[in-house]
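# Architecture and fold: a report
Residue-level listing of the chains:
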Amino acid sequence: MPVTSFHVVEKYTYMNGFQSYHESEAIKGALPIAANSPQKPPYGLYAEKLSGTAFTAPRHENLQTWLYRIIPAASHSKFEPYLNPDAQPTSDNLNFKLHQIPNQLRWDPFDMDESKDWVHAMKYLGGAGDPTMKTGIGILIFAAGKDMAKEAFYSADGDFLIVLQHGVLDIQTELGRLLIRPNEIAVIPRGIRYRVMLPEGPVRGYILELYQGHFQLPELGPIGSNCLANARDFQAPSAFFEEDTSEWKLFTKFDNQLFLALQKHSPFDVVAWHGLYYPYKYDLGRFSVIGSTSFDHPDPSIYTVLTGPSDHVGTAIADFVIFPPRWLVQEDTFRPPWYHRNTMSEFMGLIQGDYDAKTGGGFKPAGASLHNIMSAHGPDGNTRDKASNAVLKPVKVGEGSMAFMFESCLMVGVTDWGLEHCKKVQDDYNEQSWESLKSNFKRPVE
Ligand SMILES: [Fe+2]
């Protein structure tokens, strides 16, 4: 007879701090004192190490965690390819191809799908690079309506930054539970096993998968030691375990393919842990926005929440950037984003509300746009006309809204699913936004 027993602690308790060294025990005394791997860990637990970086990574980058668990993670059957095509993160096409397109692309909102759980809900929209080389990113869309059963999932490919657009996620991880509410994000680092339940029904959102390194807070330079996302607002879960000897499924995403193994114990049996490698969440409402108080328009990098740096200082494999409600007060300034071409690619999504650089309703919550490397873009004609003639008093923009951007130094390809399967790409995006822009040029009288 399978036995399930939850240790009775508060379900969601958090420890605050970004890349702080945390330790947590669901039973007092479960953490060994001083030693990491004593001959007999407390209460007959197994000690297990989880490495988020090479052992020898520099101290300021080194991310390792020690777990004290009932059964080691290695105790499972052989992984077999999981061939349900509907379940592949790569959608219907196992040997997916990434299409490189110079056009500006925009998608209508992605459909809800109440028939799927988390593992089966992920669709690979696009990306760059290669998880086997630990270079690049993946961009996935999820729409789920069912709790995962006795199933756990982990990605060996990279860190998941989950941007929730609709619903609530109850994420049970090996290290504890995270409740992700609207306007919150979660980061689940590579390898950490988790299960997603949906306490408020169907969910939808976006995932940025970082194949290389881990997310960090951006440098603040002359801004100083505060503002943007403050370290204390990131929350890691406290240890929370269950003892369950029934059969569990264990899925892994490994080089963008799914594999499945079985095991006769819950993957969520970590009684205590300590270290620097753990999942966390962040409420986007806590982001402290800065901006110009005189004239002109700073680069959007001032809105960076988290960055996945490349090996080249100041250049990101992926930045996660948001456009929260904020005051605009600049004088003699065209206040919307300028027209530009960028050596970085820009994938944008909208969690809620209206984005201040576009009118006409083409960019909707749960939709997206992609302005790839050097694809020219900027405000549409309406926005340009309004902004050029506006009385420049202080105004608050983005009230009730939250747009975001995954910005990458890499060229982002789009999958067949992204282009065809969902039939959502707006053919008239360019025409609607920019082709109708008129010349205002007036040659000086000679
Ligand atoms: Fe842009």
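Residues numbered from 1 in each chain as written. Predicted model: local features only at pLDDT ≥ 70, side-chain atom pairs only at ≥ 80, totals over all residues. Heavy atoms only, no water.

### Regarding the pattern of salt bridges
In this structure the tally under the stated criterion is 15 salt bridges. As a salt-bridge pair, Asp 113 and Lys 116 come within 2.8 Å of each other at their nearest N and O atoms. For Lys 281, the salt bridge identified is with Glu 184, shortest N-O distance 3.2 Å. Here Lys 281 is found in strand β22 (residues 280-283), whereas its partner Glu 184 is found in strand β14 (residues 184-188), with 97 residues between them in sequence. In this structure, Lys 281 and Glu 184 share a single accessibility class: buried. Among the ionic contacts, a cluster of salt bridges with common partners joins Glu 48, Arg 69, Glu 174 and Asp 269. (Salt bridge = Lys/Arg side-chain N within 4 Å of Asp/Glu carboxyl O. Helix = DSSP H or I, 4+ residues; strand = E, 2+ residues; numbered from the N terminus. Buried < 20%, exposed > 50% of the residue type's maximum accessible area, 1.4 Å probe, protein only.)

### Details of the domain arrangement of the protein chain
Domain annotation for the protein chain reports domain 1 (4-96 + 111-284) and domain 2 (287-433). Of note, the centres of domain 1 and domain 2, computed from C-alpha atoms alone, are 29 Å apart. At the interface, 44 residues of domain 1 touch 40 residues of domain 2. Between domain 1 and domain 2 the total buried area reaches about 3300 Å² when both faces are included, carbon and sulfur atoms providing 71% of it. The interface formed by domain 1 and domain 2 holds zero salt bridges in total. On the surface where domain 1 and domain 2 come into contact, there are eleven residue pairs in polar contact (both at pLDDT 80 or more). Taken together, the elements giving at least two residues each to the side of domain 1 that touches domain 2 come down to β8 (122-130), β9 (135-144), β11 (159-166), β14, β16 (203-210) and β22. For the side of domain 1 that touches domain 2, the leading source of residues is β8, giving six residues. Here the residues of the side of domain 1 that touches domain 2 sort into 28 nonpolar, eleven polar and five charged. (Domains from an automatic or database assignment. Contact = heavy atoms within 4.5 Å. Buried area = accessible area lost by both parts, 1.4 Å probe. Polar contact = N/O pair within 3.5 Å; in protein donor to acceptor, adjacent residues only side chain to side chain. Nonpolar A, V, L, I, M, F, W, Y, C, P; charged D, E, K, R; others polar.)

### What about the packing of aromatic side chains?
The final tally for this structure, using the stated rule, is 24 aromatic pairs. Seen in terms of ring centroids, Trp 273 and Tyr 278 are 5.6 Å apart; in terms of plane orientation they differ by 40 degrees. Their pairing is tilted. Both residues of the pair, Trp 273 and Tyr 278, belong to the buried class. On the basis of an interplanar angle of 45 degrees and a centroid distance of 6.1 Å, the ring pair of Phe 320 and Phe 406 is categorised as tilted. Residue Phe 320 is located in strand β24 (residues 316-323), and its partner Phe 406 is located in strand β29 (residues 402-408); the two are separated by 86 residues in the primary sequence. Across this residue pair, the class does not change: Phe 320 and Phe 406 are buried. Grouped by ring-pair contacts, the aromatic residues Trp 107, Phe 110, Tyr 206, Phe 320, Phe 347, Phe 404, Phe 406 and Trp 417 constitute a single cluster. (Phe/Tyr/Trp six-rings, centres within 6.5 Å; stacked < 30°, edge-to-face > 60°.)

### A closer look at the sheet that holds strand β21 (residues 270-275)
If you walk across this open sheet you meet the four strands as β3-β21-β5-β4, and the pairing is antiparallel. The open sheet terminates on both sides in strands that have one partner only, identified here as β3 (22-25) and β4 (46-51). Strand after strand, the sheet turns through a mean of 20 degrees between neighbouring axes, direction not considered. Where β4 and strand β5 (residues 64-69) come together, six bridges link them in antiparallel fashion. Bridging across to β5, Lys 49 finds its partner in Trp 66. (Pairing = 2+ DSSP bridges. Axes fitted to C-alpha atoms, helices over the stretch in contact; angles between N-to-C directions.)

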